[in-house]
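Structural overview
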Amino acid sequence: MDSRFVSRRAFLRKIRWAPALLSPARLSACSFNFPLPQWTQRQTSDIALSDSRFVPHYPSSSPLEDLFKLVPPGFDAYPTEKYAAEITYQLNRWSEALNASPPALDSLSKFLRASVEFNSTDAAEVTTIRDTSTIHLRKNKYGGSSLAGRDLFLAQMKEHLAPLARIQVSEFLMSDLQETSQHPLSVVTEIRHTFVGSHRDGSREERIGFWKLVWSLDSGGVWIVEKWNFVEETIALVSSPLFRDVSVQSLQRIASYRDQMLLGVDHWRTILDGASGIDVYGNNGIAAGDFDNDGFDDLYICQPSGLPNRLYHNRGDGTFDDVTEKSGVGVLDATACAIFADFENKGLQDLLVVCASGPLLFINQGNGKFQCKREAFAFAKPPQGTFTHAAVADYDPQQPLSQPRKRLIRNSLGAGRRRWSGRGHERLLVRLRQRRQPGHLRFEYVVRCRTTHFRPERFSRQRISWRPGALSRPRAGKFALQEFR
């Protein structure tokens, strides 16, 4: 072979790490081992390139590590990256202490100015979002007069976190950083905080909110908080867990779940060839729908490129079967989401699969199999970018999804259970019973209607009869409608 040419596999092996340079990331530095100051070298995971939970174990080191060592954050035109890395390190030290023993005031006090200014955590405005017997959800906005003093601030923070006897999750995400002064060096940051913990009575609480912090760099090279502004916080409180994880009981018997999904995207990204295009983020959705009309919702699980999507059939006893191969929906393309919907208005849930390259429509054949409808989507202009989401709605009151209303009866013949969204604000569940009489066919529909406004359900029974040969267009005057409660 001509020595001027390089094999495709050799080329891919050389550049398979390149996407790490181009991946979108939060405002922080890279997770590779930069020659950062002494205090940051102990924990480089504090300044992760992507999500803080991304911890892959690659079979070999990245060929870009030597390059990264030459460009630590702050040594280019973006010095604020260095500031973000250093401040994140300090916040994460407090996070670790909070998880171990809240409120961890000793760790917090290390980066507070003795004269730190702050506002009160007494809510200036409280908005109740939901208040039921199971969950209480409210949003607090803070204001109040300015206070000062580290000891006073620590006492207020202790009182603010006092309901949380134990904290399982404490995360701090820097969403904004602005340099306000160079002499002395000062920055303003917006921090989104998340606390999840439990009370002494067993109830659970989650808090998500924002702080605005003003930092300055002291003579020792440590960032100190000059001003701490509590902005807002959304608090959710439940008396007991609302959900119980039954994934193992429901899916453990499925080989694809044990051998593929439980390993996670981190694992497969280190195994699959980079040419597959597997994404580090794993932003993939899941769809639930009753594709075989047995009354139990089935699951379609989307996966990143290189891993096949999975269709799990609900057995009705709390467990599932993998019917991906039989159904023909094992898409290998990177899939963002999927939707079950009756696009042909025939009472069978079809499947819309949104891949990065475009949407695919699989028509339900009614026998447990789907058929891809290649010509389902036609674009006047080639779409740009990547497909990420989709929505299905009855935007035309006269035409539910894709079929004219006049074909509703014809498409329903011979079925035992139908769903129809006919007027934009209604959902109809139709049960069809066929009765044969000499010279006539009689169909009795029991219709259940529920509006999206959660009004009381209305029930009606409709008897429709046609002469043989006239099934596709029912004659006028043959309808008799009776309503009952």
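Rules used throughout
- Residues numbered from 1 in each chain as written.
- Predicted model: local features only at pLDDT ≥ 70, side-chain atom pairs only at ≥ 80, totals over all residues.
- Heavy atoms only, no water.
- Helix = DSSP H or I, 4+ residues; strand = E, 2+ residues; numbered from the N terminus.
- Buried < 20%, exposed > 50% of the residue type's maximum accessible area, 1.4 Å probe, protein only.
- Contact = heavy atoms within 4.5 Å.
- Pairing = 2+ DSSP bridges.
- Axes fitted to C-alpha atoms, helices over the stretch in contact; angles between N-to-C directions.
- Salt bridge = Lys/Arg side-chain N within 4 Å of Asp/Glu carboxyl O.
- Phe/Tyr/Trp six-rings, centres within 6.5 Å; stacked < 30°, edge-to-face > 60°.
- Core = buried A, V, L, I, M, F, W, Y, C linked by side-chain atoms within 4.5 Å.
- pLDDT = per-residue confidence, 0-100.
- Disulfide = S-S within 2.5 Å.

**Digging into the overall build of the protein**
Counting its regular elements, the protein contains eleven helices and 21 strands. The proportion of buried residues among the 485 residues of the protein is 39%. Here the analysis covers contacts within the protein between residues at least 6 apart in sequence; of these, 52% occur between residues at least 24 apart.

**Details of the sheet that holds strand β13 (residues 335–341)**
As a general point, the strands of a sheet are linked pairwise by backbone hydrogen bonds and lie either parallel or antiparallel. Here we have four strands laid out as an open sheet, ordered β13-β14-β15-β16, and antiparallel in their pairing. Either end of the sheet is taken by a strand with one partner, and the two such strands are β13 and β16 (370–372). Mean inter-strand twist for the sheet, computed between neighbouring axes without regard to direction, equals 25°. When strand β14 (residues 350–355) meets strand β15 (residues 358–364), the two strands line up antiparallel, connected through five bridges. Counterpart to Cys355 in the pairing with β15 is Gly358.

**Quick notes on the pairing of strand β3 (residues 135–142)**
Here strand β2 (residues 123–131) pairs with β3 via seven bridges, running antiparallel. Across the sheet, Asp131 pairs through a bridge with His136, a residue of β3. The loop that links β2 with its antiparallel partner β3 comprises three residues. The pairing of β3 with strand β8 (residues 223–238) spans seven bridges and is antiparallel. Bridged to His136 within β8 is Leu237.

**Thoughts on the pattern of salt bridges**
Taken as a whole, this structure holds ten salt bridges when the rule is applied. Linking Lys139 and Glu232 is a salt bridge whose minimum nitrogen-to-oxygen distance equals 3.8 Å. Taken together, the residues span a long stretch of sequence, with Lys139 in strand β3 and Glu232 in strand β8 at a distance of 93 residues. The exposure class assigned to Glu232 is partly exposed, which follows from its relative accessible area of 22%. Ionic pairing is found between Arg310 and Asp322, a salt bridge with its closest N-O pair at 3.3 Å. With Arg310 in strand β11 (residues 310–314) and Asp322 in strand β12 (residues 320–322), this pair connects stretches of sequence that are twelve residues apart.

**Section: the packing of aromatic side chains**
Inspection of the entire model under this criterion finds 17 aromatic pairs. Ring centres 6.2 Å apart and planes at 80° place the aromatic pair Trp211 and Phe230 in the edge-to-face group. Taken as a pair, Trp211 in strand β7 (residues 204–217) and Phe230 in strand β8 lie far apart in primary sequence, 19 residues in all. Exposure remark for Trp211: the relative accessible area of 3% places this residue in the buried category. Classification of Phe230 as buried rests on a relative accessible area of 2%. Relative to Phe387, the ring of Phe379 has its centre 6.0 Å away and its plane inclined at 50°; by these criteria the two rings are tilted.

**A few points about the nonpolar core**
Ranked by internal contacts, the top residues of the largest apolar core, which has 33 residues, are Trp94, Leu108, Phe153, Trp211, Trp215 and Trp228. Elements represented by at least two residues in this core include exactly α4 (80–100), β1 (112–119), α6 (150–161), β5 (166–182), β6 (185–198), β7 and β8. Per-element accounting of this core gives the leading share, six residues, to α4. The contacts of Phe153, once residues within four sequence positions are left out, are Leu108, Leu112, Val116, Phe118, Trp228 and Phe230. Counting 15 residues, the second largest nonpolar core, distinct from the first, contains Ala338, Phe340, Leu351 and Val353.

**Describing the sheet that holds β12**
Read from one edge of the open sheet, four strands run β9-β10-β11-β12, paired in antiparallel fashion. For this open sheet the edge positions go to β9 (286–289) and β12, each flanked by a neighbour on one side alone. Direction aside, neighbouring strands of the sheet carry axes that sit 25° apart on average. For β9 and strand β10 (residues 298–301), the ladder comprises four bridges, and the chain directions are antiparallel. Within β10, the residue paired with Ala287 across the bridge is Tyr300.

**A short note on the pairing of β14**
With six of six residues buried, β14 is to be regarded as a mostly interior element. A two-sided burial pattern is seen for β14, the buried positions comprising Asp350, Leu352 and Val354 on one face and Leu351, Val353 and Cys355 on the other. Where β13 lies against β14, six bridges are found, and the strand directions are antiparallel. Bridge pairing in β14 links Phe340 to Leu351. What sits between β14 and β15 in their antiparallel hairpin is a turn of two residues.

**Comments concerning unusual backbone geometry**
For residues other than glycine, phi is negative in most cases, and the peptide bonds are mostly trans. Between Pro102 and Pro103 the backbone carries a cis peptide bond, its omega angle lying at 5°. As for its placement among the helices and strands, Pro103 is situated in the loop between α4 and α5 (105–109). The peptide bond linking His183 to Pro184 adopts the cis configuration, its omega dihedral lying at -5°. Looking at where Pro184 falls in the secondary structure, it is placed in the loop between β5 and β6.

**Notes on the confidence of the model for the protein**
The predicted model of the protein averages 75 in pLDDT, with 65% of residues at 70 or higher. Segment residues 5–9: pLDDT under 50, and three contacts once partners within four positions in sequence are set aside and those in other chains are kept. Taken together, the stretch residues 402–485 has pLDDT below 50 and engages in 166 contacts with residues farther than four places along the chain or on a different chain.

**Brief notes about the state of the cysteines**
According to the stated counting rule, one finds zero disulfides in the structure shown. As a non-bridged cysteine, Cys337 has Cys302 as the owner of its nearest cysteine sulfur, 6.5 Å distant. With no disulfide of its own, Cys372 lies 9.0 Å from the sulfur of Cys355, the closest cysteine sulfur.

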